[in-house]
Amino acid sequence: LLILTLVLLVVTLRAYGTGFIFNPVDPGRINAMAKLAIFVVPWATWIVANYLVCGVKSGEGRFREVFQASVYALAPYLFFSVPIVILSNIVVLEEKVLVDSLEQAMYIWLGVMFFVMTQVIHNFEFTETLKNSLITVFAVFIIWFLAFIVSGLSYNLYDFFYQLQREVIQYV
């Protein structure tokens, strides 16, 4: 949990500490909870989808192990984000390639860490891990799609009862 807490602090640091050239937003207009949600929701969905997909595909990992390994897989985010924030406050726009290169290296390393995490936790071969990772990404999108549908239908149901209540009050 310490690593996860540090990662969440670094997400907030990146939102508020990135130089104006690379993040031209007034710090007073930044919504920290939205930034955290944009980071946490895909990560948490990956954990659930990975556990479910690998459970069906006879993976050996338990949910706790998948969660712990997914937290450790966020280590590159910790290592790269602080130098990226510092560099973004020092370099000029023409040197943006340095910051972008570090960000790309960070995301590649994150992807490799999640891939290796899946392979080690569930004791899969390389090709089996590749298939399961692609299925997990597909499952993440399916989960988001279903959540979108459920939220839309829930709003419609709420609106229906609200309009029904207004009609009853108006005519009674």
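Structure: above.
What you see is a predicted model, and the numbers here were worked out from it, not measured in a lab.

(A) Geometry of the environment of Ala147. With respect to the helices and strands, Ala147 occurs in helix 6 (residues 126-171). Taking the C-alpha atoms as reference points, Ala147 and Ile21, separated by 126 residues in sequence, lie 35 Å from one another.

(B) Representation of the pattern of salt bridges within the structure. Enumeration according to the criterion identifies two salt bridges in this entry. With a closest N to O distance of 2.4 Å, Arg14 and Glu103 form a salt bridge. On the criterion of sequence distance, the pair formed by Arg14 in helix 1 (residues 2-17) and Glu103 in helix 5 (residues 96-122) is long-range, its members being 89 residues apart. Relative accessible area serves as the criterion here: at 11%, Arg14 is assigned to the buried category.

(C) Structural view of the side chain of Thr118. Along the chain, the position of Thr118 falls in helix 5. Overall, Thr118 belongs to the buried group, its relative accessible area being 0%. Reaching out from Thr118, the side chain makes a polar contact with the side chain of Asn50 at a distance of 3.1 Å. In contact with Thr118, not counting residues within four places along its chain, are Trp46, Asn50, Cys54, Asn123, Phe124, Thr129 and Ser133.

(D) Up close: the packing of helix 1 against helix 4 (residues 75-90). Contact geometry of helix 1 with helix 4 gives a least axis separation of 10 Å together with a crossing angle of 20°. Here helix 4 runs roughly parallel to helix 1, going by the angle between their axes. Classified by chirality, the crossing of helix 4 by helix 1 is left-handed. The residues of helix 4 that touch helix 1, namely those facing Ile3, Leu6, Val7, Val10, Val11, Leu13, Arg14 and Gly17, are Tyr77, Leu78, Ser81, Val82, Ile84, Val85, Ser88 and Asn89. When the residues that make up the contact of helix 1 with helix 4 are grouped by side-chain class, the tally is eleven nonpolar, four polar and one charged.

(E) Molecular detail of helix 2 (residues 32-56). Along its 25 residues, helix 2 runs 36 Å from first to last C-alpha, staying within 8% of the 36 Å computed at 1.5 Å per residue. Its buried side turned inward, helix 2 meets helix 1, helix 3 (63-72), helix 4, helix 5 and helix 6. Its side-chain oxygen placed 3.2 Å from the backbone nitrogen of Met33, Asn31 serves as the N-cap of helix 2. Positive phi shows up at Ser58, right after helix 2, with a value of about 60°.

(F) Spotlight on the nonpolar core. Counting residues in each nonpolar core, the largest one holds 25 residues, and the members touching the most others are Val7, Trp43, Leu74, Tyr77 and Phe114. Not counting chain neighbours up to four residues away, the residues in contact with Val7 comprise Phe39, Leu74, Tyr77 and Leu78.

(G) Layout of helix 6. With 46 residues, helix 6 extends 67 Å between its outermost C-alpha atoms, agreeing within 8% with the 68 Å of an ideal straight helix rising 1.5 Å per residue. Among the residues of helix 6, those classed as buried are Thr129, Asn132, Ser133, Thr136, Ala139 and Val140.

(H) Representation of unusual backbone geometry in the model. At Ser58, a position not held by glycine, the phi torsion is positive, near 60°. Position of Ser58 relative to the elements: it lies in the loop between helix 2 and helix 3. The class for Ser58 is exposed, based on a relative accessible area of 56%. If you check the backbone angles, Asn123 has positive phi at about 60° while not being a glycine. Mapped onto the elements of the fold, Asn123 is located in the loop between helix 5 and helix 6.

What counts, and where the lines are drawn
Residues numbered from 1 in each chain as written. Predicted model: local features only at pLDDT ≥ 70, side-chain atom pairs only at ≥ 80, totals over all residues. Heavy atoms only, no water. Helix = DSSP H or I, 4+ residues; strand = E, 2+ residues; numbered from the N terminus. Salt bridge = Lys/Arg side-chain N within 4 Å of Asp/Glu carboxyl O. Buried < 20%, exposed > 50% of the residue type's maximum accessible area, 1.4 Å probe, protein only. Polar contact = N/O pair within 3.5 Å; in protein donor to acceptor, adjacent residues only side chain to side chain. Contact = heavy atoms within 4.5 Å. Axes fitted to C-alpha atoms, helices over the stretch in contact; angles between N-to-C directions. Parallel < 35°, antiparallel > 145°, perpendicular 65-115°, else oblique. Left-handed = near helix turned anticlockwise from the far one by under 90°. Nonpolar A, V, L, I, M, F, W, Y, C, P; charged D, E, K, R; others polar. Expected span 1.5 Å × (residues − 1). Core = buried A, V, L, I, M, F, W, Y, C linked by side-chain atoms within 4.5 Å.

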